[in-house]
Structures are given as structure tokens and as C-alpha cells.
Amino acid sequence: EAGVVQSPRYKIIEKKQPVAFWCNPISGHNTLYWYLQNLGQGPELLIRYENEEAVDDSQLPKDRFSAERLKGVDSTLKIQPAELGDSAVYLCASSFGTSGGGREQFFGPGTRLTVL
Amino acid sequence: GENVEQHPSTLSVQEGDSAVIKCTYSDSASNYFPWYKQELGKGPQLIIDIRSNVGEKKDQRIAVTLNKTAKHFSLHITETQPEDSAVYFCAAKGPTGGFKTIFGAGTRLFVKA
């Protein structure tokens, strides 16, 4: 069974440029998460989807970050414009069932973003 | 909201020795405590989890203990092997804050052959 797929794996951009990350969750997983992981830190939730609905986006900096999950499957996270402080690893995860059920989250390999 | 603290930040052990990583949490309503292992260039992978109605859980060389009164939980790895070298994260989740999983800062484990 294929795991969570993310692309690109690495991205280098100049500040003020836009960037987009794509995630394909495990088939059948209705909950999808985007996390930010800074160097030497644990993942921090940016946004959580249950099917097409964003049920928790309280940590998403909405002035420059946006996300969508069309048809409740793939998801895209966008940053526009990128800032130096956005350099980090962006992780996508998915799980089966609703978040309240304590279900295992499966993580993708992440996209390492470097903003110059 | 929930806050999870993890210690130590770095741990070095000799192959065959045991390794213990400790975490504390702040929200007494948290009821699910997973542990993740992250290898270089990969995403975190669940290795064991425990729910608040259980005090201890074991899976081969890995065990987790939970003390709800003290609000702390620990990961125990016995007979460590070089392939156990990685970063380990504890996490806590519960109804407060909408079932958001809060991760500790991680422990980098080195197992010396």
C-alpha cells in the first residue's frame, strides 16, 4: 500500500516568491493534516481537514498561507509571499476516521523549503 | 492549551543498553499519547501509543508507561541496536483544543555500536 505522497521533496525560492506543496493521502483516509516542522522541533499543526472541511486552521497564518482539499482527497498548501522565516519542513499526514478517535497518523516524507 | 515537555533532548547509549525518554503534559483531559520515531529525511512514524485507561503497554523491545496523576509518560527501549538511532517524539491529544496532537520537542537518540 502506498504511503502519503508529497511533492516536491525540496524547494528553494527567493523571499517574496510564491510556493505550493502538494499532498496525496493514503487511500480511504478522510482526515488530512499539514504540519510545520522547524529544525530541532516537533511538528506543529497548521491545518486539519476532515473530508473537504477545514476543521482546525487556527494555527495557519492566513495573511500568507492558504490551503485547499478539493474533493476530499489531495491537498495543496500555498505560501504567498514567502518570508525567510518560512524555511522549514512541511509535513503532510493522514488518518482514518475523525480526529477525536485517536487514530494513528501516517506522515509523508515532507517538503524541505529554503527561502533565500 | 496543551503543552508537552520532553527530556532529554539528546541521549547516547551503548548498544545493548536501555534508553528512557520522559515527557510531561499539562492538560489532564488528554487521553491519547503516541510516540513517533523520525529518521533522517523521513516523516515521523508511530512506534507505540497508549490511552489514558491503560498504565503500561509493551511491544517487543519497546514499552510505554503512563502516570495520569503526575501527568507524565515515558518510552523505554531495551536492548538498543544501532538502527534505533533516530529522533523520538512524544505527543499528547485530547478533547481540549479540538483533539489537536501536541508534540514534544524531540529526543535525538544515538546508539553506539
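A brief report on the enclosed structure follows.

What about the interface of chain A and chain B?
When the parts come together, some accessible area is lost, and that loss is often what is quoted as the size of the interface.
Here is step 1: Between chain A and chain B, the contact holds 23 residues from the first and 19 residues from the second.
Here is step 2: Joining chain A to chain B, the criterion identifies 1 salt bridge.
Here is step 3: Between K100(B) and D56(A) there is a salt bridge, and its shortest N-O distance comes to 3.8 Å.
Here is step 4: Here chain A and chain B share 4 residue pairs in polar contact (both at pLDDT 80 or more) between them.
Here is step 5: Secondary structure elements with two or more residues in the side of chain A that touches chain B: strand 4 (31–37) and strand 5 (44–50) of chain A.
Here is step 6: For the side of chain A that touches chain B, the per-class residue count stands at 6 nonpolar, 12 polar and 5 charged.

A short note on unusual backbone geometry
Here is step 1: Residues S7(A) and P8(A) are joined by a peptide bond in cis, for which omega reads -10 degrees.
Here is step 2: Note that P8(A) resides in the loop between strand 1 (5–7) and strand 2 (10–13).
Here is step 3: Look at the link from H7(B) to P8(B): it is a cis peptide, with omega at -5 degrees.
Here is step 4: Along the chain, the position of P8(B) falls in the loop between strand 1 (4–7) and strand 2 (10–14).
Here is step 5: In this structure, K16(A) is a non-glycine residue whose phi angle is positive, near 80 degrees.

A few points about the state of the cysteines
Here is step 1: Within the structure shown, the criterion is met by 2 disulfides over all chains.
Here is step 2: Across the disulfide, C23(A) is cross-linked to C92(A) (sulfur-sulfur distance 1.9 Å). Of note, the bridge from C23(A) to C92(A) carries an S-S torsion of about -70 degrees and is left-handed in sense. Here C23(A), found in strand 3 (residues 19–24), pairs with C92(A), found in strand 9 (residues 88–95); they are 69 residues apart in sequence, far enough to count as distant.
Here is step 3: Note on C23(A): relative accessible area 0%, which makes it buried.
Here is step 4: Residue C92(A) is classed as buried on the basis of its relative accessible area, which comes to 0%.
Here is step 5: What pairs with C23(B) in a disulfide is C90(B), and their sulfur atoms sit 2.0 Å apart. A torsion of -100 degrees about the S-S bond marks the disulfide between C23(B) and C90(B) as left-handed. One end of the pair, C23(B), is in strand 3 (residues 19–25); the other, C90(B), is in strand 9 (residues 86–92), with 67 residues separating them in the sequence. Here the two residues C23(B) and C90(B) agree in accessibility, since each one is buried.

Let's talk about the environment of I102(B)
All names here are of chain B.
Here is step 1: Mapped onto the elements of the fold, I102 is located in strand 10 (residues 102–103).
Here is step 2: For I102, a relative accessible area of 22% puts it in the partly exposed group.
Here is step 3: Counting along the chain gives 101 residues from I102 to G1, while the straight-line C-alpha distance between them is 9.4 Å.
Here is step 4: Not counting the four nearest positions on each side in its chain, I102 is found in contact with E2, V4, C90, A91 and A92.

What counts, and where the lines are drawn
Residues numbered from 1 in each chain as written. Chains lettered and ligands numbered in written order. Predicted model: local features only at pLDDT ≥ 70, side-chain atom pairs only at ≥ 80, totals over all residues. Heavy atoms only, no water. Contact = heavy atoms within 4.5 Å. Salt bridge = Lys/Arg side-chain N within 4 Å of Asp/Glu carboxyl O. Polar contact = N/O pair within 3.5 Å; in protein donor to acceptor, adjacent residues only side chain to side chain. Helix = DSSP H or I, 4+ residues; strand = E, 2+ residues; numbered from the N terminus. Nonpolar A, V, L, I, M, F, W, Y, C, P; charged D, E, K, R; others polar. Disulfide = S-S within 2.5 Å. Buried < 20%, exposed > 50% of the residue type's maximum accessible area, 1.4 Å probe, protein only.

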